[in-house]
Amino acid sequence: MFDLKSYLNKKREIIDTKLSSYIEGDKLLKNAMHYSLMAGGKRLRPILCFAGAEVVGGDAKDCLEFASALEMIHTYSLIHDDLPEMDNDKLRRGKATCHIAFDHGTALLAGDGLLTLAFEVMSDSPNINEKNAVKYLKISSLISKAAGFNGMIEGQILDVESEGKILSLDELEKIHVLKTGEMICASVLSGAIMGEATNKELEDLKVYAQKIGLAFQVRDDILNVVGNPELMGKAVGTDAALNKATYPAIMGLEESKKFAGDLICDALTAIESFDDKAAPLRAIANYILDRKR
Ligand code: IPE
Ligand code: IPE
Ligand code: MG
Ligand code: MG
């Protein structure tokens, strides 16, 4: 039987060690970047990158830089997401949000620092050589697009603009796919490209990743209603307070749970033809459905 808990712990330790090696020194900006980056995230995106490589026979070690970059971009997005001008949250990863622990200007710059560091890390890997440079560029481009103004950032502005509005399900899905799904998709695919996936494997993994990416954000919406803030390390009830467009708000709690379940079924179907190397991806899909944090 595949042991997801020990898989996640092992991979989390590897990525945590790598991440903490990038920011040294104790000047204000570095302290703020380090504070948020090492505050204890689940590291789902790096782990999906590793699992995306392993499922096609690649080596997770080759993905360390891209996995780090994915987590840096994700953490920067959380720092900015929590600012008063956006979701105005005071607790993140069980700690005061960056702008509370430091100040607003420092939080903005810590986000900028992490985002730009991600690009430095992606383009500066000691493993890049003449033979694999095109592959590295391809993955960098994939991650840049997912994080950018046609990806996560577009999702974030649509999310902010949606406050107080009644959206259709299609409009809501678009926000969730963009703000959360794109980066999750890029995480799986960057690993798979690194592991030399075939086009057919990439196609199947893309469907898997799109489905779990949307399910991940549906679950985030559900946890914002029924979750335990102590386990989650962030506040609950905040979406309703801001009149956010969420799945529970539009289709109700039970329907949202069913929808997330259907998405996970679709994700598992998409990778049915993979062998046992897909055990981590399968287990992660199931975990997303009933995660408590
Ligand atoms: C939170 O992401 C924000 C969303 C995109 C839903 P995670 O739930 O992965 O947060 P961390 O990284 O574990 O803190
Ligand atoms: C966060 O979405 C998405 C990004 C930061 C890109 P939410 O605002 O819904 O996530 P939480 O609930 O604050 O973690
Ligand atoms: Mg938000
Ligand atoms: Mg938020």
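Residues numbered from 1 in each chain as written. Chains lettered and ligands numbered in written order. Predicted model: local features only at pLDDT ≥ 70, side-chain atom pairs only at ≥ 80, totals over all residues. Heavy atoms only, no water.

Asker: Is there a simple way to think about the overall build of the protein chain in this case?
Answerer: Helix and strand counts for the protein chain come out as 15 helices and two strands. Relative to its length of 293 residues, the protein chain is compact, with a C-alpha radius of gyration of 18 Å against a globular reference of 19 Å. Structurally, the protein chain occupies a C-alpha span of about 50 × 50 × 35 Å along its principal axes. A buried classification covers 51% of the 293 residues belonging to the protein chain. Long-range contacts, defined as pairs at least 24 residues apart, comprise 74% of the intrachain contacts of the protein chain with a sequence gap of at least 6. On the protein chain, the mean spot of the 35 positive side-chain charges and the mean spot of the 44 negative ones are 3 Å from each other. (Helix = DSSP H or I, 4+ residues; strand = E, 2+ residues; numbered from the N terminus. Rg over C-alpha atoms; globule rule 2.2 N^0.38 Å. Buried < 20%, exposed > 50% of the residue type's maximum accessible area, 1.4 Å probe, protein only. Contact = heavy atoms within 4.5 Å. Lys, Arg positive; Asp, Glu negative; His and termini not counted. Charge placed at Lys NZ, Arg CZ, Asp CG, Glu CD.)

Asker: Any chance you could explain the site of ligand 2 here in plain terms?
Answerer: Around ligand 2 lies a shell formed by S77, L78, D81, D87, R92, M152, Q156, K179, Q217, D220 and K234. D87 has a polar side-chain atom sitting 2.7 Å from an oxygen atom of ligand 2. R92 is positioned such that a nitrogen or oxygen atom in its side chain is 2.8 Å from an oxygen atom of ligand 2. The fraction of the free accessible surface of ligand 2 (400 Å²) that becomes covered by protein chains is 92%. Of all the cavities here, the one that holds ligand 2 is the largest pocket. Looking at the shell around ligand 2, the elements that each hand over two or more residues are α4 (64–81), α8 (152–161) and α10 (199–226). Looking at which element gives the most residues to the shell around ligand 2, the answer is α4, with three residues. (Near = heavy atom within 4 Å. Polar contact = N/O pair within 3.5 Å; in protein donor to acceptor, adjacent residues only side chain to side chain. Areas by Shrake-Rupley, 256 points an atom, 1.4 Å probe, with all protein chains shown as cover. 1 Å grid on protein atoms, 1.4 Å probe; cavity = no way out; pocket = protein on both sides within 12 Å on 5 of 7 lines; lining within 4 Å. Sits in = over half its atoms within 2 Å of the grid points.)

Asker: For this particular structure, what's the right way to read the coordination of the magnesium ion (ligand 4)?
Answerer: Four donors placed tetrahedrally about a metal ideally form angles of 109.5 degrees, and six donors placed octahedrally ideally form angles of 90 or 180 degrees. Around the magnesium ion (ligand 4), the donor atoms from the protein are D81 (OD) and D87 (OD), and they sit 2.1 Å away. The metal-metal distance between the magnesium ion (ligand 4) and the magnesium ion (ligand 3) is 3.1 Å, with D81 serving as a donor to both. Summarising the burial analysis for this pair, D81 and D87 share the class buried. (Donors = N, O, S within 2.8 Å, 3.2 Å for Na, K, Ca; no water.)

Asker: Looking at this model, I keep getting lost on the site of ligand 1. Mind explaining?
Answerer: Residues in contact with ligand 1, as listed here, are G41, K42, R45, H74, L78, R93, T180, F216, Q217, D220, K234 and R291. Here an oxygen atom of ligand 1 and a side-chain polar atom of R45 are 2.8 Å apart. At 2.7 Å, a side-chain N or O of R93 approaches an oxygen atom of ligand 1. Calculation on ligand 1 without its partners gives an accessible area of 390 Å², and the protein chains cover 91% of this total. Comparing atom positions with the cavity grids shows ligand 1 to sit within the largest pocket. Looking at the shell around ligand 1, the elements that each hand over two or more residues are α4 and α10. For the shell around ligand 1, the element with the highest residue contribution is α10, accounting for three residues. Of the residues in the shell around ligand 1, the class split is two nonpolar, four polar and six charged. (Nonpolar A, V, L, I, M, F, W, Y, C, P; charged D, E, K, R; others polar.)

Asker: Would you take a moment to explain the packing of helix α1 (residues 4–22) against helix α3 (residues 44–54) for this structure?
Answerer: When two helices pack together, their arrangement is given by the angle between the helix axes and the distance between those axes. Interhelical geometry of α1 versus α3 gives an angle of 110 degrees and a closest axis separation of 10 Å. Taken as axis vectors, α1 and α3 run roughly perpendicular relative to one another. Along the contact surface, α1 presents Y7, L8, K11, R12 and I15, while α3 presents P46, I47, F50, A51 and E54. Here the residues of the contact of α1 with α3 are counted per class, giving seven nonpolar, no polar and three charged. (Axes fitted to C-alpha atoms, helices over the stretch in contact; angles between N-to-C directions. Parallel < 35°, antiparallel > 145°, perpendicular 65-115°, else oblique.)

Asker: Mind showing me how you'd approach the pattern of salt bridges here?
Answerer: If the charged atoms of two oppositely charged side chains come close together, the side chains can form a pair. Per the stated rule, a full pass over the model turns up 20 salt bridges. Put simply, E71 and R93 hold a salt bridge, and the shortest N to O gap is 2.9 Å. Placement of E71 in helix α4 and of R93 in the loop between β1 (91–92) and β2 (95–96) is noted, with a sequence separation of 22 residues between them. Relative accessible area serves as the criterion here: at 0%, E71 is assigned to the buried category. Because the salt bridges share partners, they merge into one network encompassing D87, D159, E163, K179 and K244. (Salt bridge = Lys/Arg side-chain N within 4 Å of Asp/Glu carboxyl O.)

So, to be careful, I would describe these as geometric facts and stop short of saying anything about function.
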